[in-house]
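# Notes for the structure review
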Amino acid sequence: MDIPLPPPEAPPFPPPVDIPLPPPEGIPPLPPLSGKPTVPGQKKQLPWLLPGTAVILAAGAGASFYLHTENKALEEQAARQEEHAEHLRKNTADLSEKRSFLLQKQDDAGKLNQSKLLKAEENARLLVTLQKKKKEVEQLRLQYKLLQAEQSAANKRIDALKQKLAEKARCKEAPPGTPPINPPCLETDACLRQTAIAYLKARKQGNASALSRHFASDCNYQYANNRKVPNEMVMNNIRELWEKWPQRSYRLLKVAYRDNHVELIYIYKYADQRNHSIQGYAKEKWETNSAGQIIHWREELHPGTSPAESAGYRLVPLNIK
């Protein structure tokens, strides 16, 4: 910022000297100021008044020029200050706009954070609800498994009761004078032993013709939903077993019977074409007609231990010749 300086002090003038000056050429001498007589000594003061006047006029011109220069400098300074003020106003407006923008951003960020917090709280509540639902589903699954186990046990008990009722119905004493189909004797032992050996041999060799003669024309077959089906349907089921397990071997362990109810207990071993094998114990339960053909067939598989014959059945000695 320009600071105005005080005007320089005028140098002191020497005391006036009474020197008469000749009038300039071509200019007549000045007339007397008035008709009155001049004051004594007035002629002596007039010669130095002109230079003083010139000095005063020069000083006034210098002061006017200085004032003009100072005014111009002040105007320029005012213009610069106005320009600077305008620049500051623009900067202030820009800063105000940026501040408003930042405040808007801050407000938006606050809203976004609040929304995120609300979503996080909602997610936490949903997670808690989901965990509760999972526990409820797990409890329902356990209850369903328990119900399934109870139902399976009940079905097994029902099947066992049905089987016992059927056996009791079949095991009723024949009318008087009717001979038993398989009377307990050595001849029956030998016949049933030979029948069991031939039966397992036909199964091992895949001899469908020989095996089909062991079954009656109609047979109540386990793998036909415990229904009575034709002989051919029984053989079709057995052929599917042979196709699945082309290599088969059997070892007869026990033959037991009571009247027309016969039980075969044996060891089986099956193998497929990939040399994958299974083995275990099997117990077949037959009900035969008067010709010795199977009219009711059931099977029990025991992978670990050999089953026992039913109570009250006659056990056939396997050393009969």
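Everything here concerns the structure above.
Read on for a plain summary of the structure. Since the structure is predicted, the reported quantities are computational estimates derived from the model, not experimental observations.

What follows covers the overall build of the protein chain. Each helix and strand in the protein chain was counted, giving 4 helices and 7 strands. When its helices and strands are written in sequence order, the protein chain yields α-α-α-β-β-α-β-β-β-β-β. Counting over 321 residues, the protein chain shows a buried share of 21%. Relative to all contacts within the protein chain whose residues are 6 or more apart in sequence, the contacts with residues 24 or more apart total 59%. Within the structure as shown, the protein chain displays about 24400 Å² of accessible surface, and the carbon and sulfur contribution to it stands at 60%.

Across 11 bridges, the pairing between strand S4 (residues 261–271) and strand S5 (residues 277–288) is antiparallel. Bridge pairing in S5 places tyrosine 266 opposite alanine 282. Counted between consecutive antiparallel strands, the loop separating S4 from S5 contains 5 residues, among which asparagine 275 sits at a positive phi close to 65°. Of the pairings in the sheet, the one linking S5 to strand S6 (residues 294–302) comprises 8 bridges and is antiparallel in character.

Time to look at unusual backbone geometry. In this model, aspartate 259 sits at a positive phi of 55°, which is unusual for a non-glycine residue. Inspection of the secondary structure assignment puts aspartate 259 in the loop between strand S3 (247–258) and S4. Residue aspartate 259 is classed as partly exposed on the basis of its relative accessible area of 31%. Phi at asparagine 275 is positive, roughly 65°, even though this residue is not glycine. Mapping asparagine 275 onto the fold places it in the loop between S4 and S5.

Criteria and cut-off values
Residues numbered from 1 in each chain as written. Predicted model: local features only at pLDDT ≥ 70, side-chain atom pairs only at ≥ 80, totals over all residues. Heavy atoms only, no water. Helix = DSSP H or I, 4+ residues; strand = E, 2+ residues; numbered from the N terminus. Buried < 20%, exposed > 50% of the residue type's maximum accessible area, 1.4 Å probe, protein only. Contact = heavy atoms within 4.5 Å. Areas by Shrake-Rupley, 256 points an atom, 1.4 Å probe, with all protein chains shown as cover. Pairing = 2+ DSSP bridges.

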